[in-house]
Amino acid sequence: MSKIKVAPILFLSFLLAFTSCTNTLNDDDETLYTNMKISTIEKEVIELVNEYRVSKGLNKLEYGTIAYEFAKEHTEYMISEGAISHDNFDIRSSDLSVKANANFVSENVGRNFSNASAVVEAWKNSPAHKKVMEGDFTYTAVSAEADANGLLYFTELFYK
């Protein structure tokens, strides 16, 4: 009889432990970054955006694992074009909305910044980018990649 009571509790504990880490960017959980293969600069962008949001009395954003591939794909597209853009945002946001059951999606892009602080500072100083960073969102994901010349490109998606 006691085996029957313990098994569901152990299963529920395992399930809760597993699901609590799947979408959350937790400063204390470096394993998530490793498992998601998120780079140091991507992690720093998210942390800086969250620090900024908290300083404005806004919620911290959780890491949206679903959005990362969309952000990465767009960053690679911008590198192939040699320019920053919001090309195909309507398709990207629609696909992300379906996959993540999101109601609203937005993005910030940038290039030619040498580090996370520089790109986030530029976004804070741009009214349009700042508005996105301060938006009513729950999740974010960022992709930062260098082109063949070492020039960094950034795509950060925000959604709720």
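Use the structure listed above.
### Considering the overall build of the chain
1) Next: Secondary structure summary: the chain contains seven helices and four strands in total.
2) Next: Listed by position from the N terminus, the elements making up the chain come as α-α-α-β-α-α-β-α-α-β-β.
3) Next: The contacts of the chain with a sequence gap of at least 6 include a subset with a gap of at least 24, amounting to 67%.
4) Next: Summed over all atoms, the accessible surface of the chain reaches about 9100 Å², with 56% contributed by carbon and sulfur.

### Focus on the packing of helix H4 (residues 65-81) against helix H5 (residues 89-100)
1) Next: As a packed pair, H4 and H5 sit with axes 9 Å apart at the nearest point and diverge in direction by 165°. As far as their axial angle goes, H5 and H4 are roughly antiparallel. Considering only the axes of H4 and H5, their crossing is right-handed. Taking contact as the criterion, the partners of Ile66, Ala67, Phe70 and His74 in H4 are, on H5, Arg92, Asp95, Leu96, Lys99 and Ala100.

### Examining the sheet that holds strand S2 (residues 105-111)
1) Next: Reading across the sheet, the four strands line up as S1-S3-S4-S2 and stay open at both edges, with mixed pairing between neighbours. Two strands bound the open sheet, and with one partner strand each, they are strand S1 (62-63) and S2.
2) Next: As paired elements, S1 and strand S3 (residues 139-146) share two bridges and run parallel to each other. Among the inter-strand pairings, glutamate 62 is bridged to a residue of S3, identified as tyrosine 139.

### Overview of the packing of aromatic side chains
1) Next: Tallied over the entire structure, the rule returns three aromatic pairs.
2) Next: Measuring from centroid to centroid gives 5.2 Å for tyrosine 139 and tyrosine 159, while their planes differ by 25°, and the two rings are stacked. With a gap of 20 residues between them, tyrosine 139 in strand S3 and tyrosine 159 in strand S4 (residues 152-159) connect regions that are remote in the sequence.
3) Next: By relative accessible area, tyrosine 159 is classed as buried at 3%.
4) Next: Taken together, Phe104, Phe137 and Phe158 form an aromatic cluster joined through their ring pairs.

Calculation notes
- Residues numbered from 1 in each chain as written.
- Predicted model: local features only at pLDDT ≥ 70, side-chain atom pairs only at ≥ 80, totals over all residues.
- Heavy atoms only, no water.
- Helix = DSSP H or I, 4+ residues; strand = E, 2+ residues; numbered from the N terminus.
- Contact = heavy atoms within 4.5 Å.
- Areas by Shrake-Rupley, 256 points an atom, 1.4 Å probe, with all protein chains shown as cover.
- Axes fitted to C-alpha atoms, helices over the stretch in contact; angles between N-to-C directions.
- Parallel < 35°, antiparallel > 145°, perpendicular 65-115°, else oblique.
- Left-handed = near helix turned anticlockwise from the far one by under 90°.
- Pairing = 2+ DSSP bridges.
- Phe/Tyr/Trp six-rings, centres within 6.5 Å; stacked < 30°, edge-to-face > 60°.
- Buried < 20%, exposed > 50% of the residue type's maximum accessible area, 1.4 Å probe, protein only.

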